[in-house]
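# A structural walkthrough
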Amino acid sequence: MTGGWAATRRGSPVSGNDPPRVALIGANGHGRWHRRTIAELHAAGRARLVALVDVRPLEHEPEAPVPPETGVFTDHRDMLAESRPDVVVICTPPHTHLPIALDVLAAGADLLLEKPPVLDLAGHRTLAEAAAAAGRAVQVNFQALGSAALTELTGALGRLGPVTGIATLAAWQRPDAYYARSPWAGRLSVDGHPALDGALANPLAHALMQCLAVAESVTGAPVRPARIEVERYRVRPIEVDDTTVLRLTPHAGPPVLAALTLAAEEHVPGEVLVTGERGRAVLEYPTDRLRLPGDDAPHPVPGRRGLLANLLDHRTDGTPLIAPLARTEPFTAVLDALRDAPAPTLLDGDLVRAAGDGPQRVRMVRGVGAVLRTAAETGALPSEAGVPWAVRPYVVDLPVQ
């Protein structure tokens, strides 16, 4: 966040008995979700909200009223100087993450950074080095990693036998309004900086990250991609994908496949399929429902650890971070590998149908649900399965890091 006027309200002086001072940069839009989370911790006495930052006037959030002592800013640098937070949450456009995060670390605060953390490996390394030099913690808000259902799944991998494949399937819809929500929506880059606002990098990023977390549990180490093959499609005049099938072959461990769309006919919240020689487990990651071999039906697994609360615990007693920056490096490696991919193939004509009017119009690929389901269950790309509209994948081979 840059430019503008100083705070309309000033933070109160620091007290040695205060809970950690928390600030949020990017307080509108998705930032309202973070405001609700911080409000709960503030009410519980676990944190003190000292500042909110946004370039636009604050949107009303009835579940998270702004405490009278909280500073409101339009420039994050003014906020860091005046409010002196201990912990900062960044919820700004992805292409702005790195410079703001570096300012936060230089100011001596720990950081909860919205996903995707950065958009290439060079930025990831720069951020990691800055955090190490400052002695500060960086947690990435892949909040589904805090799921007790994921923990139960990874603890039950032995029931599957040797794992032969990990896949994810998610089929959502996004209306025209979604791509008009901001200047960077649906863009490949903004002002010369990568934006990558596609299905894989942004709204369905959790699906891939859950798979990478399972793969890490299988091998005991973060995934190191050896080959990435991807087919990317779009149903609008955007610069990025709204439908993607990606297969990642690691240097060690089972292959990972992600089959994702924002142009669905029927909604699939998001599934992670883990296949072994003795059976398959399915985790519906947005709802924390899990089905293991032998189960008659999926069962809910209650309990999610919030990543901001986990970061506060880490500050207090060294509790391990759930989503430290290092754990998300394989996700960044995928984005990095796709930097030079050709523009997604445009699907149109009779293959695509529309429903609704005006900003709420949605466009759907006919039969896309079955195509993605087949890919997730077999590990084959659409082009390998004979899908008539599929194109040859873009392939990147990566050396051992």
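Scope of this entry: the structure provided in the associated data block. Since this is a predicted model, take the numbers as computed values, not measurements. (Residues numbered from 1 in each chain as written. Predicted model: local features only at pLDDT ≥ 70, side-chain atom pairs only at ≥ 80, totals over all residues. Heavy atoms only, no water.)

## Observations regarding the overall build of the protein chain
Condition: Working definition: helices are DSSP H or I runs of at least four residues, strands are E runs of at least two. Numbering for both runs from the N terminus. With C-alpha atoms as the basis for the radius of gyration, the globule rule is written as 2.2 Å multiplied by the number of residues raised to the power 0.38. Whether two residues touch is decided by their heavy atoms; if any such pair falls within 4.5 Å, the residues are in contact. Per-residue accessibility takes into account occlusion by the displayed protein chains alone, with areas from the Shrake-Rupley method and a 1.4 Å probe. Positive charges come from Lys and Arg alone, negative charges from Asp and Glu alone, with His and the N- and C-terminal ends not counted. Charge placement uses NZ in Lys and CZ in Arg. For Asp and Glu, CG and CD serve respectively.
Helix and strand counts for the protein chain stand at nine helices and 20 strands. In terms of C-alpha radius of gyration, the protein chain reaches 21 Å, essentially the compact-globule figure of 21 Å for 401 residues. For the protein chain, contacts bridging at least 24 residues in sequence account for 72% of all contacts bridging at least 6. Total accessible area on the protein chain stands at roughly 16,300 Å², and carbon and sulfur atoms take up 52% of it. The averaged location of the 45 negative side-chain charges in the protein chain is 1 Å from the averaged location of its 39 positive side-chain charges.

## Some words on the side chain of Ser-182
Rule in force here: Within 3.5 Å is the distance limit for a polar contact, defined as a pair of N or O atoms, with the added protein rule that one can donate a hydrogen and the other accept it, and that residues adjacent in sequence qualify only through two side-chain atoms.
Among the secondary structure elements, Ser-182 is positioned in the loop between β7 (163-173) and β8 (189-190). At 3.1 Å, the side chain of Ser-182 and the side chain of Trp-184 are in polar contact.

## Topic: helix α6 (residues 205-219)
To keep things clear, this is the line we draw: Under the convention used throughout, the expected extent of a helix is 1.5 Å for every residue step, that is, one less than its residue count. Partly exposed describes any residue whose relative accessible area lies between the buried limit of under 20% and the exposed limit of over 50%, with all areas from a 1.4 Å probe on protein chains only and scaled to the type maximum.
Between its first and last C-alpha atoms α6 spans 22 Å; for 15 residues at 1.5 Å apiece the expected length is 21 Å, and the two agree. Where burial is concerned, most of α6 is hidden: 11 out of the 15 residues are buried. Those residues of α6 that sit buried are Ala-205, His-206, Ala-207, Leu-208, Met-209, Gln-210, Cys-211, Leu-212, Ala-213, Val-214 and Ala-215. Gly-220 occupies a position one or two residues after α6 and carries a positive phi of about 85°.

## Considerations on the pattern of salt bridges
For the record, the criterion: When a carboxyl oxygen of Asp or Glu lies within 4 Å of a side-chain nitrogen of Lys or Arg, that pair is called a salt bridge.
Counted under the stated rule, the structure contains 25 salt bridges. Its salt-bridge partner being Arg-315, residue Asp-110 comes within 2.7 Å of it at the nearest N-O pair. You can see Asp-110 sitting in strand β5 (residues 110-113) and its partner Arg-315 sitting in helix α7 (residues 307-317), a full 205 residues away along the chain. Through salt bridges that share partners, Arg-32, Arg-36, Arg-56, Glu-59 and Glu-61 make up one connected network.

## Regarding the packing of helix α3 (residues 97-106) against helix α4 (residues 121-134)
The condition is simple: Comment: axis = line fitted to C-alpha atoms, over the contacting stretch for helices; angle = value between 0 and 180 degrees taken between N-to-C directions. The scheme is simple: roughly parallel for angles under 35 degrees, roughly antiparallel for over 145, roughly perpendicular for 65 to 115, oblique for anything else.
As a packed pair, α3 and α4 sit with axes 10 Å apart at the nearest point and diverge in direction by 5°. Put simply, α3 runs roughly parallel to α4. Between α3, through Leu-98, Ala-101, Leu-102 and Leu-105, and α4, the contact on the second element is made entirely by Gly-123, Thr-126, Leu-127, Ala-130, Ala-131 and Ala-134.

## Side note on the sheet that holds strand β4 (residues 87-90)
To keep it simple, the criterion reads: Note: two strands are recorded as paired if DSSP finds a minimum of 2 bridges between them.
Spatially, the six strands line up as an open sheet ordered β3-β2-β1-β4-β5-β6, and their pairing is parallel. Looking at the sheet topology across the chains shown, the edges are occupied by β3 (71-73) and β6 (138-140). Averaged over all pairs of adjacent strands, the angle between strand axes in this sheet comes to 20°, irrespective of strand direction. Examined bridge by bridge, strand β1 (residues 21-25) and strand β2 (residues 48-53) share five bridges and lie parallel to one another. Residue pairing across strands places Val-22 opposite Leu-49, the latter belonging to β2. The strands touched by helix α2 (residues 76-83) within the sheet are β1, β2, β3 and β4, with β2 carrying the most contacts at an inclination of about 155°. Each of β4, β5 and β6 touches α7; the most contacted strand, β5, lies at about 160° to it.

## A closer look at helix α9 (residues 368-378)
Note the cut-off: The directions considered for the arc run from the helix axis to the C-beta atoms.
Of all the positions in α9, only Val-368, Val-371, Leu-372, Ala-375 and Ala-376 are classed as buried. Buried residues in α9, looked at end-on, bunch into an arc of 130°, giving them a common side. Of the exposed residues in α9, the ones pointing more than 90 degrees away from its buried face are Ala-370 and Thr-378. At its buried positions, α9 is contacted by β7, β11 (243-250), β12 (256-261), β13 (263-276) and β19 (362-365). Where α9 terminates, the next one or two residues include Gly-379, which has phi positive at roughly 85°.

## What about the nonpolar core?
Looking at soluble globular proteins, one finds that nonpolar side chains tend to be buried together. Quick reminder of the rule: Definition used in this section: a nonpolar core is a set of buried Ala, Val, Leu, Ile, Met, Phe, Trp, Tyr and Cys residues joined via side-chain atoms within 4.5 Å.
Ile-90, Val-104, Ile-166, Val-274 and Tyr-285 are the most contacted members of the largest nonpolar core, which has 99 residues in total. By size, the runner-up hydrophobic cluster in this structure holds 24 residues, among which are Ala-259, Val-268, Leu-273 and Val-387.

## Details of the pairing of β5
Stated formally: Look down the strands so they point away from you; if the path from the first strand over the helix to the second goes clockwise, the crossover is right-handed.
In β5, alternate side chains face the same way, and those of Asp-110 and Leu-112 on one face and Leu-111 and Leu-113 on the other are all buried. As paired elements, β4 and β5 share four bridges and run parallel to each other. Counted as the bridge partner of Val-88 is Leu-111 from β5. Crossover β4 to β5 through α3 is right-handed. As defined by bridge partners, β5 adjoins β6 across three bridges and the pair is classed as parallel. Each bridged residue has a counterpart across the sheet, and for Leu-113 the counterpart in β6 is Val-140. For the segment spanning β5, α4 and β6, crossover handedness is right-handed.

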